[in-house]
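Examination of the molecular architecture
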Amino acid sequence: MLLSEQNRTSSSVNMASVNVLSLNTLSDLHPKPDTTFTYGTAGFRMKADLLDSVIFRTGIIAALRSKKLGGKVIGVMITASHNPAADNGVKLVDPMGEMLEGSWEAHATALSNAQTNEQVLDYIHVMVSSLKIDLTNPANVVYGRDTRPSGEALVSALEDGLKVLGAQSTDYGILTTPQLHYLTRCLNTVNTPESYGEPTVEGYYKKLAAAYKVLVEGKPKLSPVILDCANGVGAPKFKEFMNFLGDSFAVKIVNDDIENSSKLNLNSGADFVKTGQRAPVGLKMTPQDRCASFDGDADRIVYYYMDEDNTFKLLDGDKIAGLAAMFIIDLVKAAGIDNISVGVVQTAYANGASTQYLRNTLNVPVSCVSTGVKHLHHEALKYDVGVYFEANGHGTVVFSPTALKTIYSTEGSSPAQASAVRSLRALSEVINQTVGDAFSDLLLVETILTQRQWTPKIWDQAYSDLPNRLVKVVVKERSIFKTVDAERKLVEPAGLQDAIDAIVLKFRDGRSFVRPSGTEDVVRVYAEAATRPETDELAFRIGGLVFDFNSNGSGTRPREFI
Ligand code: NG1
Ligand code: ZN
């Protein structure tokens, strides 16, 4: 985008502190490849060797965001989460540890696609002028990265970007994504009434471990949880964390090889387990075991176990949400508190049986929002206590300031009530309030199972998942697929939704929806129905329909499509 003459004049006063010479020199070190970039649901994400210019420019955006917010600390995380080792990506974290405000995603996209140094400078002008950014404000940025080998060079690109506007910055080295979110919030709230904790990684461990110890105190310990770390950052970081958890936590870590980077997320990790509905490599299960998998940056977790007849059983994000909601409702009641309500937020990918369970058994309000944690987080803030999880295991529980005030001002009028209040307080500390956090969610689930002395099988009995299937369809242009109603209905291409509805009607308990992915160049088809064969048939019929529609299918038509 180029500047209008008017913008050029009005912003020129503010531009004194952009050193054009330095911008050009630094930008020349990070030339833009012939690729179009989009800041999507998970920030920028793609093959690592295409990201140099994007990360350089993300440094500029981070500095501008900080200046816009009067010097508040902005976080930058370099990771590609559950994607293969050759990918990488970058996401920005806003001051309270939440995802970057939606309207800035478009600015990040625009700046990343500027073709020349002059256009980069022009777009900085546009932002300064239209967003009224005072460039004389300080800029403070913190950053971290996962274990991907490409991370180190990308950090240098980021540092060059930060230099353009003279940002003060701190490199926190290798971190899990939620640790960076935690640090960002702590740094922005230090010495305020909203202080979130000590702004160090050690502070994070201390806070969570202390709360967990309160929650399991006096309860018989469960058998060790077998923990698949996807050969990612969760492995070294969870080992560090164990120094703080000590005897209170028993774990057997597998898939912890971060030296051989090609193993990252390979046949392991939360995404592999959830998508394939099977155990990761390197993890031998017996029916007694309770297992969990992190993803590559440790912000997702799923649990699983093996039934007596050796059937693999998945306890995904929906099951965790149900468990957490049930536990919190019971605790609030046990504490004698009657003015805290619990709500749950899901996406269309939540299993229909989980939504039924939440609504009809737990009697909690359930909202459905578009895919992407920022949508869930935002909606969860509307409840006193908002539980949100994506089916893939990314989620957390947020306590509103009013709920926290009630919890901290209640004492309880019996020992049982006082104990429930203590648990509620500790729960609000053990749960990462900024973002879904696999470490914190692991402690949350282990707390509940320990307090109840439950096996995963007992937990699983809350409801039975409807069989479901997720199918990817490679299309020529995924942007032509437009959805409404929390992505459950297509409005474009015209006629496709009617055709989908007509097929779904033929299946018992059938439900299916189609949406373009925000992280991959595919369209996703989700289907569920009463039985496995019906579910598969429904998914493959809709897959075929999408592939054929308006001849948008690209490449070979998958054999299984009907
Ligand atoms: P897309 O590619 O937009 O479906 C995927 C996940 C999201 C979310 C993002 C970010 C599914 C079906 N989609 O998004 O839930 O986690 O990645 O990582 O799991
Ligand atoms: Zn992740």
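Residues numbered from 1 in each chain as written. Chains lettered and ligands numbered in written order. Predicted model: local features only at pLDDT ≥ 70, side-chain atom pairs only at ≥ 80, totals over all residues. Heavy atoms only, no water.

The name an unreviewed UniProt entry gives the protein is Phosphoacetylglucosamine mutase, with Entomortierella parvispora as the organism. Regarding the protein, the relevant UniProt record gives this comment under Function (unreviewed entry): "Catalyzes the conversion of GlcNAc-6-P into GlcNAc-1-P during the synthesis of uridine diphosphate/UDP-GlcNAc, which is a biosynthetic precursor of chitin and also supplies the amino sugars for N-linked oligosaccharides of glycoproteins." UniProt lists a comment for the protein under the heading Catalytic activity (unreviewed entry), and it reads "N-acetyl-alpha-D-glucosamine 1-phosphate = N-acetyl-D-glucosamine 6-phosphate". (UniProt positions renumbered as here; feature names shortened; annotations may be inferred.)

If you tally the helices and strands in the protein, you get 19 helices and 19 strands. Here the C-alpha atoms of the protein give a radius of gyration of 24 Å, agreeing with the 24 Å that 2.2 N^0.38 yields for 562 residues. Taken across its 562 residues, the protein has 59% of its residues classed as buried. A separation threshold of at least 6 residues defines the contact pool for the protein, and within that pool the share at least 24 residues apart is 70%. For the protein, the computed accessible surface area is about 22200 Å², with 51% contributed by carbon and sulfur atoms. (Helix = DSSP H or I, 4+ residues; strand = E, 2+ residues; numbered from the N terminus. Rg over C-alpha atoms; globule rule 2.2 N^0.38 Å. Buried < 20%, exposed > 50% of the residue type's maximum accessible area, 1.4 Å probe, protein only. Contact = heavy atoms within 4.5 Å. Areas by Shrake-Rupley, 256 points an atom, 1.4 Å probe, with all protein chains shown as cover.)

In this section: the UniProt feature "active site" (unreviewed entry) in the protein. Mapped onto the present numbering, the UniProt feature "active site" (unreviewed entry) falls at Ser 81. Assignment of secondary structure puts Ser 81 in the loop between β2 (73-78) and β3 (87-93). Those residues in contact with Ser 81, other than ones at most four positions away along the chain, are Arg 45, Asp 146, Arg 148, Asn 265, Asp 295, Gly 296, Asp 297 and Asp 299.

Looking at the secondary structure, you find Lys 91 in strand β3. Exposure remark for Lys 91: the relative accessible area of 7% places this residue in the buried category. Excluding residues that lie within four positions of it along the chain, Lys 91 makes contacts with Tyr 39, Ala 42, Gly 43, Gly 75, Val 76, Met 77, Thr 79, Thr 177, Asp 297 and Asp 299.

Look at the UniProt record and you will see "domain: Alpha-D-phosphohexomutase C-terminal" (unreviewed entry) annotated at residues 470-539. Annotated as residues 470-539, this span is 24% helix and 33% strand, and its ends, taken at the C-alpha atoms, are 7 Å apart.

So, on to the sheet that holds strand β19 (residues 523-528). Overall, antiparallel pairing links the 3 strands, which are arranged β15-β19-β18 in an open sheet. Each end of this open sheet is capped by a strand with a single partner; those strands are β15 (468-473) and β18 (511-516). Here the strands of the sheet are splayed against their neighbours by 15 degrees on average, with no regard to which way each runs. With 6 bridges joining them, β15 and β19 adopt antiparallel strand pairing. Note on β19: the bridge partner recorded for Val 473 is Val 523. Sitting on the sheet, helix α19 (residues 532-548) is in contact with β15, β18 and β19, with an inclination near 20 degrees to β15. (Pairing = 2+ DSSP bridges. Axes fitted to C-alpha atoms, helices over the stretch in contact; angles between N-to-C directions.)

Moving on, we get to the domain arrangement of the protein. The assigned domain composition of the protein is domain 1 (5-174), domain 2 (203-313), domain 3 (317-460) and domain 4 (468-561). Computed from C-alpha coordinates alone, the two centres of domain 2 and domain 4 are separated by 33 Å. (Domains from an automatic or database assignment.)

Our next topic: the environment of Leu 154. Counting through the fold element by element, Leu 154 comes out in helix α6 (residues 151-164). Under the relative-accessibility criterion, Leu 154 is labelled buried at 4%. The contact partners of Leu 154, leaving out residues within four places of it in the chain, are Ala 48, Leu 51, Asp 52, Ile 55, Ile 78 and Asn 88.

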